[in-house]
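Chain by chain, the residues run as shown.
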Amino acid sequence: MKKNMKEWMDNLIRDKKVAAVPVMTHPGIELTGNTVLEACSNGDAHFKAIKALADKYPTAAASVIMDLTVEAEAFGSEISFTDNEVPAVIGHLLDSPEDIRNLKVPSLKAGRVPQYLKANLLAARDITDRPVIGGCIGPFSLAGRLYDMSEIMILIYQDPEAAHLLLAKCTEFILKYCKALKECGVNAVMMAEPAAGLMSDEDCRRFSSDYVKKIVDAVQDDFFSVILHNCGNTGHCTGAMVATGSAAYHFGNKCDMAEVSRDVPASALTMGNLDPVSVFKDSTPEQIYHDTTMLLEKMTEFPNFVLSSGCDTPPHTPMVNIDSFFKALYDFNNK
């Protein structure tokens, strides 16, 4: 359903109460009795997980699975699947600049892309009381999965022309995917670009942000927002992130949330950053209540702050911990 995302974000900023948009779908998979493999392979199962969480928790928006293998698989990468773990890329597809030159940009019918588009379409049609946020990988993170992360770091210095060619092909596919997500009716896309955090701010601009900006400029408008996620950023490349012109910035738990938020424009959302593993999955309800409250108190000077996990909450995250997260938010907003 079409929503004016600029108005939605402006309202969140004006509201004295803090909103929460944790990146979580895996608990919804468990709520519906499906496996991770089923949800990552079947659009109906994926949608049911998104819907179950939207029905259960007062999130300000609903989000899809953060699966950083979908686009790599479409290009031809081999993917490892198990019933209850997140899919993973096996090895790498490309070995040389010549491989990059020969690489074809796939269609949106490749791999599991059609099932992900189906999940987004069903969520956009059914969840109408809040925005639905789709997901995609970022250009540099996709390039690293296709070429190998260590090798791409070497390539950007030894053969930057080849690196830029690969990034251009990755960007072409991601842009096509984002346009399709927009046509599905979702209201935003969270672009996961964690590998960009491995670079300096300057290199992050050249080999990530310049390409992300091309996508932002092509798809972002009042009714569709790009949320740039970089959990690899420790604070050293926030400037490069902001240079993309995205509507919102999502940070991981490696950075100081208040410090990075000072570099975010007041008109954009700054989102994060409770550790999805040590806080959401592995801590106690009492500890997550405490950590959530501490973060909320720390961020009171930022009206554009949206409470979130630092990344996608993993499989087997206890529901009692998620309940405690929302209880802390409720208590903070109503004290």
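All values derive from a computational prediction rather than experimental measurement.

A few points about the overall build of the protein chain
At step 1: Along the backbone of the protein chain there are 16 helices and nine strands.
At step 2: Here the C-alpha atoms of the protein chain give a radius of gyration of 19 Å, agreeing with the 20 Å that 2.2 N^0.38 yields for 335 residues.
At step 3: Judged by the C-alpha coordinates and their principal axes, the protein chain covers about 60 × 40 × 35 Å.
At step 4: When each of the 335 residues of the protein chain is scored for burial, the buried share is 58%.
At step 5: Here the contacts in the protein chain between residues at least 6 apart in sequence split such that 76% fall between residues at least 24 apart.
At step 6: For the protein chain, the accessible surface area stands at approximately 13,200 Å², while carbon and sulfur atoms represent 51% of it.
At step 7: Each charge class in the protein chain was averaged separately, 31 positive and 44 negative side chains, and the resulting centres sit 7 Å apart.

Quick look at the pairing of strand β5 (residues 188-192)
At step 1: A large share of β5 lies buried, amounting to five of its five residues.
At step 2: Note that strand β4 (residues 132-137) and β5 share five bridges and pair parallel. Its bridge partner lying in β5, G135 is registered against M190.
At step 3: Pairing geometry for β5 and strand β6 (residues 225-230), over five bridges, is parallel. Residue pairing across strands places A188 opposite S225, the latter belonging to β6.
At step 4: Taken together, β5, helix α11 (residues 201-219) and β6 constitute a β-α-β crossover, and its handedness is right-handed.

Quick word on the packing of helix α4 (residues 43-56) against helix α7 (residues 113-126)
At step 1: At their nearest, the axes of α4 and α7 sit 8 Å apart, and the two run at 40° to each other. Classified by the interaxial angle, the pair formed by α4 and α7 is oblique. Judged by the sense of rotation from one axis to the other, the crossing of α4 with α7 is right-handed. Mapping the contact onto sequence places G43, D44, H46, F47, I50 and K51 in α4 and Q115, Y116, K118, A119, L122, A123 and D126 in α7.

Conventions used here
Residues numbered from 1 in each chain as written. Predicted model: local features only at pLDDT ≥ 70, side-chain atom pairs only at ≥ 80, totals over all residues. Heavy atoms only, no water. Helix = DSSP H or I, 4+ residues; strand = E, 2+ residues; numbered from the N terminus. Rg over C-alpha atoms; globule rule 2.2 N^0.38 Å. Buried < 20%, exposed > 50% of the residue type's maximum accessible area, 1.4 Å probe, protein only. Contact = heavy atoms within 4.5 Å. Areas by Shrake-Rupley, 256 points an atom, 1.4 Å probe, with all protein chains shown as cover. Lys, Arg positive; Asp, Glu negative; His and termini not counted. Charge placed at Lys NZ, Arg CZ, Asp CG, Glu CD. Pairing = 2+ DSSP bridges. Right-handed = clockwise from strand over helix to strand, strands pointing away. Axes fitted to C-alpha atoms, helices over the stretch in contact; angles between N-to-C directions. Parallel < 35°, antiparallel > 145°, perpendicular 65-115°, else oblique. Left-handed = near helix turned anticlockwise from the far one by under 90°.

These results come straight from atomic positions and should not be treated as a statement about function.
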